[in-house]
Each structure stands twice: as structure tokens, then as C-alpha cells.
Amino acid sequence: MEGGAHVVSEAIALGIPVIASDIAGNRGLLGDDYPGYYPVAGESALAALLYRAETDTHFYSSLKKHIELRKNLISPEREKKSIQGLLDKLTDK
């Protein structure tokens with residue numbers, strides 16, 4: 001799981017849909033309504049979702065739409081503003 005958030009964040013920034021394990025970190029990045037989750041240790045569910053993403057154009061489009069809606073959360077500008085806001089709070093500005 002180490003580094004998983006970075007992989008998901010990079011995918012969002014690039015607009016690439018992901019199939020992700022249903023863990024809190026992924027839900028925090030992708031949202032509770034993201035359709036590409038599979039249960040932890042659910043290899044058969046993972047395989048089914050991968051197959052569906054490859055063969056079902058509507059499902060893939062849905063994944064892509066959800067990723068596009070999250071793209072603004074991963075922008076460098078937003079990250080810079082968030083860090084600056086934190087620094088301002090820490091220094092009482």
C-alpha cells in the first residue's frame with residue numbers, strides 16, 4: 001500500500017482511470033461514488049473490474065468522467081495554495 005496514494009494522484013492528474021482497492025485512502029482521493037473499487041484481497045472482483053473496464057465502453061467512460069471531476073484536486077496551484085494556507089496558520093498570519 002506504500003505509495004498507492006501517489007499512484008492514484010498521478011493517474012488523476014493525467015486523467016487516467018484506475019481500478020482501486022476499497023480502502024480509506026483511495027476513497028479520500030477518488031470519492032465514495034467512484035465505480036472502480038474492488039474489495040481488499042478480492043482478486044476475482046479485481047479481475048472482473050479489469051475485464052469490464054477493457055470491454056464495457058460505458059463503464060470505462062464512467063471511470064474516466066469520475067477521474068476528470070477529481071482533476072482539480074490534484075493541481076499544482078491548489079497544492080501550493082493549501083501549503084501556503086497551512087504555513088499561514090502555523091505562523092499566525
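Above this text you will find the structure in question.
Small disclaimer: the values here were computed from a predicted structure and weren't measured. (Residues numbered from 1 in each chain as written. Predicted model: local features only at pLDDT ≥ 70, side-chain atom pairs only at ≥ 80, totals over all residues. Heavy atoms only, no water.)

**Q** Describe in detail the pattern of salt bridges, supporting the description with residues and values.
**A** A complete count under the given rule lists 3 salt bridges for this structure. Here D22 ties to R27 by a salt bridge, and the two come within 2.5 Å at their closest N and O atoms. Between R27 and D32 there is a salt bridge; the shortest N-O distance is 3.3 Å. Residue R27 is classed as partly exposed on the basis of its relative accessible area of 25%. Accessibility expressed as a relative area gives 60% for D32, which makes it exposed. (Salt bridge = Lys/Arg side-chain N within 4 Å of Asp/Glu carboxyl O. Buried < 20%, exposed > 50% of the residue type's maximum accessible area, 1.4 Å probe, protein only.)

**Q** Let's hear about a nonpolar patch on the surface: which residues, and what values?
**A** A contiguous nonpolar patch, built from I83, L86, L87 and L90 and spanning about 410 Å² of accessible area, is present on the exposed surface. With respect to the helices, strands and loops of the structure, L90 is situated in helix 5 (residues 76–90). On the basis of relative accessibility, which here comes to 62%, the residue L90 falls in the exposed class. (Patch = residues over 30% accessible without salt bridge, like charges linked within 9 Å, V, L, I, M, F, W, Y side chains within 5 Å. Areas by Shrake-Rupley, 256 points an atom, 1.4 Å probe, with all protein chains shown as cover. Helix = DSSP H or I, 4+ residues; strand = E, 2+ residues; numbered from the N terminus.)

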